[in-house]
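# Residue-level structure breakdown
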Amino acid sequence: MLGNHAIAALAAFAIAMAVFSPATATVAGALRGVMPFITPSKEDPYRLLSVVRSGTWLAITVGTIAAAAVASVPLIGQVVGVPRTTLHQLGVFPLLLAGSVLAIAVSSSATSVLVALGHSKSVMRAALSVLLVGGPGPLPSHGLTGAGIAMLTSSVISACANQAAIRRSTVLNGHSLYPGRPNVKQVWSLGTVGIPLAGTVLVKFAVLGVLTFAVARIGTDSTAVHSIGISLVNLIFTAAVAVGQATIPLISDYATTQDSAGIRRSVRAGTWLALSVVGFIAASMIVLSSWVVPLFTQYVDVRQQITDLLPLVLAVVVTDALQAVVGFGLIGLKRTVPSFVSISVCYGALAAVTAPVATSGGLAALWMALALANLLQAASKAYYFYRPSAFNGTREYAPTTI
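Bear in mind the structure is a predicted one, so any value in this text is a computation, not a measurement. Every chain is numbered independently, its residues counted from 1 as its sequence is written. Per-residue local features of the predicted model are confined to residues with pLDDT of at least 70, and side-chain atom pairs are confined, for both listing and counting, to 80 or more; whole-chain, interface and lining totals are unaffected and use all residues. Hydrogen atoms and water are omitted, and side-chain values are computed over all heavy atoms in the structure.

Within the protein chain one finds 15 helices and zero strands. Only protein chains enter the area calculation, which uses a 1.4 Å probe; residues under 20% of their type maximum are buried, those over 50% are exposed, and those in between are partly exposed. Taken across its 402 residues, the protein chain has 52% of its residues classed as buried. In what follows, residue pairs with any heavy atoms lying within 4.5 Å of each other are defined as contacts. Sequence separation of at least 24 residues holds for 83% of the intrachain contacts in the protein chain that already meet a minimum separation of 6. Only the protein chains shown count as cover for residues, and all accessible areas are computed by the Shrake-Rupley method using a 1.4 Å probe. Element-wise, carbon and sulfur atoms account for 66% of the exposed surface of the protein chain, whose accessible area totals about 17,300 Å². Counting from the N terminus, the helices are the DSSP runs of H or I reaching at least four residues and the strands are the DSSP runs of E reaching at least two.

And the structure:
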């Protein structure tokens, strides 16, 4: 919608997303760490309620920090040298996104509970972007501000719907989910798994933000193309995330009984399913590019650049899916530090070479470097997961009691 509204608005959106994406990913990552604690408690409503309330406090804490970072987008843009014309387009958009981050934190806390308990079919669809960004018919076009209002509204609706779903469809029906006073020890126990995972996704999306800022210095068209490419990757990648999250309660159950064969079988099945779905969707976009690409922008030159980028979109999203499923397997084992180490090394190297690669090779070279970084961290995570000591039944992998 923004690509058809104005290229300048799309470029500003890309700059805001360079901070918003790592912020929300950090929140979601921290709260995915709650999932392996939910599964062992699913038959005991009082123990489960204690975990849910502590998860809410973890969401509030991480969400507040992330929201503050998103509200600082204009300042961050000035520091890294983004053109003033692009920053001027932001307006109140960063503040709307900050509110959305807080709502997403509460929603993610509930989502982790629902997925871990097997209630993952609740879906919320919103058409607000069409109404507020483009302004069809007699409706006014609100551009980037309309996009912010749509994102904030949909996040609040999703948070409310997920909270209602927990009350209605789980063993917590009839119990108050009000967090009350925080149980610091319990929140810390959740954080020991969730915070390293939050660090993992923070590193990932922060480096993606570095790539976006590097592209912004190339030009507005390149920034718009990069933004659309990242949007496509994130859209397709949700399939891998869905599959990976579905493996966590299975692996957690197998870890409780120390069934190493079941653990490996779950991750292998998840990997093949994720790669098949992600690869099919990305390949279909390449085949149908003449119909897909015009949906994003009316500018002919930008359309051609997007089409040229699609094969690299396929490479990036497939390698990203490969590392993600193994990473979710490590979450099921409550081993999130290896994932943090892996991505810190691989994406740290990517961040170090971003500026020279962008200068010498442009957008295509950056995307090839991104695909290589994903492949390297997939290999390192697989090593951590499949090494013989991973399932030896030590208390490091035993279910944690809260």
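As a further point, take the environment of P196. In this fold, P196 is placed in helix α10 (residues 184–216). The class for P196 is buried, based on a relative accessible area of 18%. Distance from P196 to G33, taken between C-alpha atoms, is 8.8 Å for residues 163 residues apart in sequence. Discounting residues that sit within four places of it in the chain, P196 has contacts with G191, T336, V337 and F340.

Let us now look at helix α15 (residues 337–386). To estimate how far a helix should extend, the number of its residues minus one is multiplied by 1.5 Å. Compared with an ideal rise of 1.5 Å per residue, which puts 50 residues at 74 Å, α15 spans 15 Å between its outermost C-alpha atoms and falls more than 12% short. Two axes are fitted around each residue, one to the seven residues ending there and one to the seven starting there, and the angle between them is reported as the bend at that residue. Along α15, the helix axis deviates most sharply at G361, where the bend reaches about 130°.

What makes a nonpolar core is a set of buried Ala, Val, Leu, Ile, Met, Phe, Trp, Tyr and Cys residues whose side-chain atoms join them at distances within 4.5 Å. Formed by 108 residues in total, the largest nonpolar core has its most connected members in F20, I38, L90, F93, L97, Y347 and W367. Each residue touching F93, except ones within four places of it in the same chain, is listed here: F13, A16, M17, L144, A147, G148 and M151. Counting eight residues, the second largest nonpolar core, distinct from the first, contains I251, A255, V326 and L333.

In this structure, Y254 sits in helix α11 (residues 220–256). Residue classification places Y254 among the partly exposed positions, given a relative accessible area of 24%. Remark: the alpha-carbon pair of Y254 and G332, spanning 78 residues in sequence, is separated by 9.1 Å. Those residues in contact with Y254 that lie beyond four places of it in its chain are D259, G262, I263, R265 and S266.

Taken N-terminus to C-terminus, the directions of α10 and α15 make an angle of 10°; their axes are 9 Å apart at the nearest point. Considering the angle they form, α10 stands roughly parallel to α15. Each residue gets one of three labels, nonpolar for Ala, Val, Leu, Ile, Met, Phe, Trp, Tyr, Cys and Pro, charged for Asp, Glu, Lys and Arg, and polar for the others, Gly among them. Along the lines of polarity and charge, the residues of the contact of α10 with α15 split into 18 nonpolar, five polar and one charged. Every axis in this analysis is a line fitted to C-alpha atoms, fitted for helices over the stretch in contact. Angles between the N-to-C directions lie between 0 and 180 degrees. Angle categories are assigned with fixed cut-offs, so that under 35 degrees is roughly parallel, over 145 is roughly antiparallel, 65 to 115 is roughly perpendicular, and the rest are oblique.

Salt bridges, as used here, are contacts in which a Lys or Arg side-chain nitrogen is within 4 Å of a carboxyl oxygen on Asp or Glu. Summed over all chains, the structure comprises one salt bridge. The salt bridge partner of K204 is D320, with a shortest N-O separation of 2.7 Å. Linking K204 in helix α10 with D320 in helix α14 (residues 300–332), this pair joins segments that are 116 residues apart in sequence. Exposure remark for K204: the relative accessible area of 7% places this residue in the buried category.

Moving on to the packing of helix α12 (residues 260–287) against α14. With their axes 9 Å apart at the nearest point, α12 and α14 run at an angle of 165° to one another. With respect to α14, the axis of α12 lies roughly antiparallel. Remark: the crossing between α12 and α14 carries right-handed chirality. Here α12 contributes V267, G270, T271, A274, L275, V278, G279, A282, A283, M285 and I286 to the contact with α14, which in turn contributes L310, P311, L314, V317, V318, A321, L322, V325, V326 and G329. Tallied by class, the residues present in the contact of α12 with α14 amount to 17 nonpolar, four polar and no charged. With the far helix as reference, a near helix turned anticlockwise by less than a right angle produces a left-handed crossing, and one turned clockwise produces a right-handed crossing.

Moving on to the confidence of the model for the protein chain. A residue's pLDDT is the confidence the predictor assigns to it, expressed on a 0 to 100 scale. With 86% of its residues at a pLDDT of 70 or more, the protein chain shows a mean pLDDT of 79. Element-level mean pLDDT values for the protein chain span from 44 in helix α8 (residues 128–134) up to 90 in α12. Scored below 50 in pLDDT, residues 123–141 shows 36 contacts in the model against residues more than four places distant or in partner chains. Ignoring residues within four places in sequence, the model shows residues 393–402, a span with pLDDT below 50, making 22 contacts including any to other chains.

Let us look at α11. Given a rise of 1.5 Å per residue, 37 residues ought to cover 54 Å, and the 52 Å separating the end C-alpha atoms of α11 matches this to within 8%. Where α11 ends, the next residue or the one after it, Q258, has phi of about 55°, a positive value.

Here T26 is to be found in helix α2 (residues 7–32). Once you skip the residues sitting within four places of it in the chain, T26 turns out to touch V62, A198, V201 and L202.

Relative to the helices and strands, T153 is located in helix α9 (residues 143–169). A sequence separation of 50 residues divides T153 from A103, and the C-alpha atoms of the two residues are 9.1 Å apart. Two N or O atoms form a polar contact when they lie within 3.5 Å of each other; inside protein one atom must be a possible hydrogen donor and the other a possible acceptor, and for residues adjacent in sequence the pair counts only when both atoms belong to side chains. Side-chain polar atoms of T153 contact the backbone oxygen of I149, separated by 2.8 Å.

Further remarks concern the side chain of T212. With respect to the helices, strands and loops of the structure, T212 is situated in helix α10. Leaving out residues up to four positions away in the same chain, T212 has contacts with A14, A18 and H226.

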